[in-house]
Structure formats: structure tokens, C-alpha cells
Amino acid sequence: MAARVLMAPRRLKPFNRLQVILQHLKTCKHTDSAADVLLQKKGGAGIITLNRPKVLNALSLRMIQQIYPQIKAWEQDPETFLIIIKGTGEKAFCAGGDVRAIADAGKAGDRMTQDYFRDEYTLNNAVGTCKKPYVALIDGITMGGGVGLSVHGHFRVATEKTVFAMPETAIGLFPDVGGGYFLPRLPGKIGYLLALTGFRLKGRDVLKAGIATHFVESEKLPDLEKDLIALKSPSKENIADLLNSYHMQTKIDQEKEFILDEHMEKINSIFAANSMEEIVQKLKQDGSPFAMKQLETINKMSPTSLKLALRQLREGASMSLQDVFTMEYRLSQACMRGHDFYEGVRAVLIDKDQSPRWKPAALEEVSDEFVDNCFKPLGNNDLKL
């Protein structure tokens, strides 16, 4: 057998990570069906397809690191007029971030617990500040990380299959990805209900709550996408006109009342309280079936997460989107240092016993001093946008 001559590897010059990724994007066609995310250019549209249907298109760090530079490249490209993001499969747009991988990294002391949130919030901010019209087709389950990829963009198209929720308090986290910005800006105190209870909105209710901008039948989305791609040098107004025409033709659940309509007075009164303890007290005093259902849900959530989330929304209501992400990054790192996130992931995703043992176990045991510490700046480690 002939001996193989091993060549010494060429020494690479120091490189700029972003430049290398951009070069990679130019040379790749991104149509490999095994890829977790597909990045394609069709007509005047850049198309992002989340491609992990078996895990409901859960957002991995690798996906985040591919999507961000591509959005930035399309922003600079004079031949790209809009960006479309969608998910593969029948069930989900994106069911959330890859929290199990983050929990594993945290237990191992891996810096992914910093990188994931830093890169995810940087991507969410890129969506929120995108110079090109950004259209998210939120067909199916849209939760957590999937909300961050869609809600800050110009257009969010819901369907009868859309299920929207921010369920983070159930796993010892908080409604991040800019939740501190968009949730308190929803009508009345709807955002506070969604943040603290993980309440699920379905179909047209996602539009009525002010989260989606349009509502289109799921089966019409391929036609809508084709029509968006076919637009010649479209302006934001041209895109809005096309979305409006599809929206107007959709009759599903048109006459149905918004699920929270009859409860809005209660929601606005109860969730305007200044503390979690007061919210719980008001729910008990109300005593209605709706109030008792929310109380039952809140009693299952991480007390620490509930207190962090309430303050996050109250402060975020008057902050810029960028300042919200900086605040949320501080909170994410506090959760990574704590107990409840790992316990929540264990109970909900690993052992699936749905019986998390929170520490502290009661709202009264979560001190103001502890909460204050979670919001403190991280010095050189703060998120810079």
C-alpha cells in the first residue's frame, strides 16, 4: 500500500468572522434539504425557511448564526426588495428556542449560555430594524424564539393554524426575545396576561390581539408567497396592498368574537396591579371561572420568573427596543446562574413529570433585592447593539 504524504496545513491569516460567513453565503446555494435553515433568493425576495420540522423548527444557535448575516447581506443588496420567513412542515412556524441544548450547556459550564442569548437578541434586533420589508408567515405553532423571529418585523401573517404563546414562566425563564417591548404595547393588559400565564391565542385571535398584522388561510400561503416573489421592485406599500387583498378575501372565523373580549375589563383591572402578590390577591377576590383558571396557571409557574417578567414588562413599556434587549440579556444570564430554568426544563422537557420544584417555592420568598440584582448591568459583558 502506497504511503500517503501528509501535507502540512496552510496557516490561515486572521479573519473577520462576519466576512467569512458572508463569503460562505455567496458561494452556497442553501438548498440542501438536510440544512436546518434554507436561505434562498427568488425574484426580488430573500426567503428564510426554518427546516427542523421534527422538532417544530426549534431555533438552534447554528440557525441563528446563519440567518443574521444573511439578513444583513440582503439589506445591502439593491436587488432584494423584501424578506420572507417561514417554517417547514404542517405543525409549526417555530415553537421556540433550543432550550434543552441551552440547559445542557449551562450545566456543563459552556459559554453557549452567553452566546445563544447574545446572538438571538442581536438577530431579533436585526428583524426589528430591518431596512427591507420583512414578512413572517406564522403558520402553526409560534412561541418564544419563533415570536422573536416574527413579531418585530413589518408584517406578520397568521392563519387558522397559528397558535401563539409566550410560555417561558413555566420553565423558569421569562418572556424574552423582546417580550418586554411588544407585550406591554398590546391593547390593555393583554400582554401581561400572555407573559405571566402563557395564555394561548389561536387563529384570528392572534390578529385581534394585535400580534399579527394580517390573517390568511393556511392553504393560500403558497399562492401569497408566489405573488410576493413576483412583485417588481415593490415598495412597502405595494407589499401591504398585496397582503391586504389576501386578508380581505379570508372569511374563516370572521364573525367570531375575540376570545378575551368578555374578560377585558377583568384583565385590565387585575393585571394593572403593581406586584405579583397583588395580582394573585385580585384574582382570588374576583373569583370568576376565568380568574380562577388564571390563578391555577400562575400557581404552577416559577415564582422567580413571574416577578422578573412583571418588572420586565413594566420597565420595558417605556424603553426602546434596543434597551429592552440589553435588559433581557441581563435577565437571561441571571436565569442561567439560577436554579429554576434547569428545573423547569427537566420537569417539562426531559422527565416530563410536569412537577417542577421551584426554589424559592413561593412569591413571598422572592425578595426585591434578588430581583434588583437580576436587572443589574453586566459591565463589559452587557449586550451591545
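Here we summarise the structure given alongside this text. (Residues numbered from 1 in each chain as written. Predicted model: local features only at pLDDT ≥ 70, side-chain atom pairs only at ≥ 80, totals over all residues. Heavy atoms only, no water.)

**Some points on the overall build of the chain**
For clarity, the threshold we go by: Counting from the N terminus, the helices are DSSP H or I runs at least four residues long and the strands are E runs at least two residues long. Each radius of gyration is computed over the set of C-alpha atoms, and the globule rule expresses the reference value as 2.2 Å times the number of residues to the power 0.38. The classification of residues rests on relative accessible area computed with a 1.4 Å probe and restricted to protein chains. Under 20% of the type maximum is buried, over 50% is exposed, and intermediate values are partly exposed. When checking whether two residues touch, look at their non-hydrogen atoms; a contact exists if any pair is within 4.5 Å. All accessibility values rest on the Shrake-Rupley procedure with a 1.4 Å probe; residue burial counts only the protein chains present in the view. Lys and Arg are tallied as positive, Asp and Glu as negative. Neither His nor the chain termini are counted. A charge is said to be at NZ when it belongs to Lys, at CZ for Arg, at CG for Asp and at CD for Glu.
Scanning the chain for helices and strands turns up 17 helices and 10 strands. Over its C-alpha atoms the chain spans a radius of gyration of 22 Å, differing by no more than 12% from the 21 Å that the globule rule assigns to 385 residues. Counting over 385 residues, the chain shows a buried share of 53%. Taking contacts inside the chain between residues at least 6 apart in sequence as the whole, the part at least 24 apart equals 73%. Summed over all atoms, the accessible surface of the chain reaches about 18300 Å², with 51% contributed by carbon and sulfur. With 51 positive and 47 negative side-chain charges, the chain shows a separation of 7 Å between the mean positions of the two kinds.

**With respect to helix H4 (residues 112-128)**
Helical geometry note: an α-helix holds 3.6 residues per turn, so side chains three or four residues apart project in the same direction. Stated precisely, the cut-off is as follows: Expected helix span is computed as 1.5 Å times (number of residues minus one).
Between its first and last C-alpha atoms H4 spans 24 Å; for 17 residues at 1.5 Å apiece the expected length is 24 Å, and the two agree. Across the 17 residues of H4, 12 count as buried, placing the element largely inside the fold. For H4, the full list of buried residues reads Met112, Thr113, Tyr116, Phe117, Asp119, Glu120, Tyr121, Leu123, Asn124, Asn125, Ala126 and Val127.

**Overview of the packing of aromatic side chains**
Definition in use: For Phe, Tyr and Trp, where Trp contributes only its six-membered ring, two rings pair if their centres lie within 6.5 Å, and the inter-plane angle classes them as stacked under 30 degrees, edge-to-face over 60, or tilted in between.
Scanning the model with the defined rule gives 5 aromatic pairs in all. Considering the side-chain rings of Phe164 and Phe182, the 6.4 Å spacing of their centres and the 80° angle between planes classify their relative orientation as edge-to-face. One end of the pair, Phe164, is in strand S8 (residues 163-165); the other, Phe182, is in helix H6 (residues 179-182), and 18 residues separate them in sequence. Across the pair, exposure class does not vary: Phe164 and Phe182 are buried alike. Within the aromatic cluster, the residues linked to one another by ring pairs are Tyr116, Phe117, Tyr121 and Phe325.

**Here we look at a negative patch on the surface**
Heads up, the rule is: Candidates for patches are residues over 30% relative accessible area with no salt bridge; among them, like charges are joined within 9 Å and nonpolar side chains (Val, Leu, Ile, Met, Phe, Trp, Tyr) within 5 Å. Salt-bridge detection follows one rule: a side-chain nitrogen of Lys or Arg within 4 Å of a carboxyl oxygen of Asp or Glu.
A contiguous patch of negative charge on the surface is contributed by Glu160, Glu219, Asp223, Asp227 and Asp253. Along the chain, Asp223 falls in helix H9 (residues 221-230).

**Considerations on the pairing of strand S1 (residues 37-42)**
Note the cut-off: By this definition, two strands are paired if DSSP reports at least two bridges between them.
Examined bridge by bridge, S1 and strand S2 (residues 45-50) share 6 bridges and lie antiparallel to one another. Note on S2: the bridge partner recorded for Gln40 is Ile47. In textbook terms, the turn of a hairpin is the stretch between consecutive antiparallel strands, and for S1 and S2 this stretch comprises 2 residues, one of which, Gly43, has a positive phi near 55°.

**Regarding the sheet that holds strand S9 (residues 201-202)**
Note: strands within a sheet are paired through backbone hydrogen bonds, in either parallel or antiparallel orientation. Ordered in space as S4-S6-S8-S9, the 4 strands form an open sheet in which the pairing is mixed. Sheet topology places strand S4 (92-94) and S9 at the edges, where each strand pairs with a single neighbour. Examined bridge by bridge, S4 and strand S6 (residues 141-143) share 2 bridges and lie parallel to one another. Following the sheet pairing, Cys94 is matched in S6 by Thr142.

**Thoughts on the side chain of Glu217**
By secondary structure assignment, the location of Glu217 is in the loop between strand S10 (214-215) and H9. Overall, Glu217 belongs to the buried group, its relative accessible area being 17%. Excluding its chain neighbours within four sequence positions, the residues that come into contact with Glu217 are Thr159, Glu160, Thr250 and Ile252.

**Focus: the state of the cysteines**
Note on terminology: disulfide describes a covalent bond linking the sulfur atoms of two cysteines. Filter applied, for reference: Here, a disulfide means two cysteine sulfur atoms that sit within 2.5 Å of each other.
For the coordinates displayed, the defined rule picks out 0 disulfides. Residue Cys335 stays outside any disulfide, its sulfur separated by 6.8 Å from that of Cys374, the closest cysteine. Exposure remark for Cys335: the relative accessible area of 8% places this residue in the buried category. A relative accessible area of 4% places Cys374 in the buried class.

**Quick look at the pairing of strand S3 (residues 82-87)**
Bridge count between S2 and S3: 6 bridges; the pairing is parallel. In the sheet register, Thr49 faces S3, and the bridge partner there is Lys86. The pairing of S3 with strand S5 (residues 134-138) spans 3 bridges and is classified as parallel. Counted as the bridge partner of Ile83 is Tyr134 from S5.

Everything listed here is a matter of coordinates, which is why it stays silent on function.
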